[in-house]
Amino acid sequence: GICVPRCEGDTQCDDNQYCDLDLHICRPDGSLPCEDDDFEGNDGLSDATPLADDVPNVSAMKCPADDDWYAIPLKKRDKVSIEVANREGAGEDFIYVDAYLPDGVTKLGETNSKRHFSEPIVFTANNDGIYYLKAYTKTDTGHSLYLISITYDTGPICEDLVEEQYGRNESAAAAVDLANGY
């Protein structure tokens, strides 16, 4: 028979291969079974998996004809940066991620895994609400392992330097004359 080298992880396999840890042999990426990940049941907007700001990374599998949705609760002025990359043994398809406003329809931006890390989607929440991410492929020829990285920056407390220097100015009578300098 033919001796096949034993592997203990994907790094011991060639590019476009993964280590089958049950048999400890390298297999082609496309032969990796497409199994539900920990986030499944998230195939639509109404089933989006909620993510908290203490979950900076989502490591998941995208199966054919199975878009993945995530829900991110944000407060007004929270700033978010979202990146996506294919994981080692990633499979055949690039992953695309779209970000949506709380209406689930208005798209804020798109990023993809065509490069090691793509240009991130960066936005600041205009209102409190649940914002959405949709992970998908454009070809659906196989499975893809992916990693979404989310960076959260809570919004600043609103400062009013005019009020700090001149006191409250919430009426026409108390308005500060900006022509004379502030």
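Values in this document were obtained by computation on a predicted structure and should not be read as measured data.

Q: How would you summarise unusual backbone geometry if you had to cite specific residues and measurements?
A: The backbone of R77 sits at a positive phi, close to 80°, despite the residue not being glycine. You can see R77 is positioned in the loop between β5 (68–74) and β6 (79–91). When its relative accessible area of 37% is taken as the criterion, R77 is described as partly exposed.

Q: So what's going on with the state of the cysteines? Which residues, and what values?
A: Applying the stated rule across the entire model yields 1 disulfide. Across the disulfide, C13 is cross-linked to C26 (sulfur-sulfur distance 2.2 Å). Note on the C13 and C26 pair: the S-S dihedral is about -85°, so by sign convention the disulfide is left-handed. Taken together, the residues span a long stretch of sequence, with C13 in the segment before β1 (17–20) and C26 in strand β2 (residues 25–28) at a distance of 13 residues.

Q: Tell me what's going on with the packing of aromatic side chains, and back it up with residues and numbers.
A: Inspection of the entire model under this criterion finds 4 aromatic pairs. Here F39 and Y70 contribute two aromatic rings whose centre-to-centre distance is 5.6 Å and whose plane-to-plane angle is 80°, an arrangement assigned as edge-to-face. Of this pair, F39 sits in the loop between β2 and β3 (49–50) while Y70 is found in strand β5, placing the two residues 31 residues apart along the sequence. Each member of the pair, F39 as well as Y70, is classed as buried. Sitting over the face of the ring of Y136, K134 holds its NZ or CZ atom 5.1 Å from the ring centroid.

Q: Which residues make up the nonpolar core, and what are the values?
A: Core analysis: the biggest nonpolar cluster contains 22 residues, and Y70, I82, L133 and I148 have the highest contact counts within it. Listing elements by their share of this core, those giving two or more residues are β4 (57–62), β5, β6, β7 (96–100), β9 (121–124), β10 (129–136) and β11 (144–153). Among residues more than four places away in sequence, those in contact with I148 are P56, N57, V58, Y70, I82, E83, V84, V97, L133 and A135. Counting 5 residues, the second-largest nonpolar core is a separate cluster that includes A48, W69, Y100 and Y132.

Q: Which residues make up the sheet that holds β10, and what values do they have?
A: Strand order in the open sheet formed by 5 strands is β3-β5-β10-β7-β8, and the pairing between neighbours is mixed. Looking at the sheet topology across the chains shown, the edges are occupied by β3 and β8 (107–112). Strand direction decides the pairing type here: β7 and β8, joined by 5 bridges, are antiparallel. Residue pairing across strands places D98 opposite E110, the latter belonging to β8.

Cut-offs and rules
Residues numbered from 1 in each chain as written. Predicted model: local features only at pLDDT ≥ 70, side-chain atom pairs only at ≥ 80, totals over all residues. Heavy atoms only, no water. Helix = DSSP H or I, 4+ residues; strand = E, 2+ residues; numbered from the N terminus. Buried < 20%, exposed > 50% of the residue type's maximum accessible area, 1.4 Å probe, protein only. Disulfide = S-S within 2.5 Å. Phe/Tyr/Trp six-rings, centres within 6.5 Å; stacked < 30°, edge-to-face > 60°. Lys NZ or Arg CZ within 6 Å of the ring centre and 35° of its normal. Core = buried A, V, L, I, M, F, W, Y, C linked by side-chain atoms within 4.5 Å. Contact = heavy atoms within 4.5 Å. Pairing = 2+ DSSP bridges.

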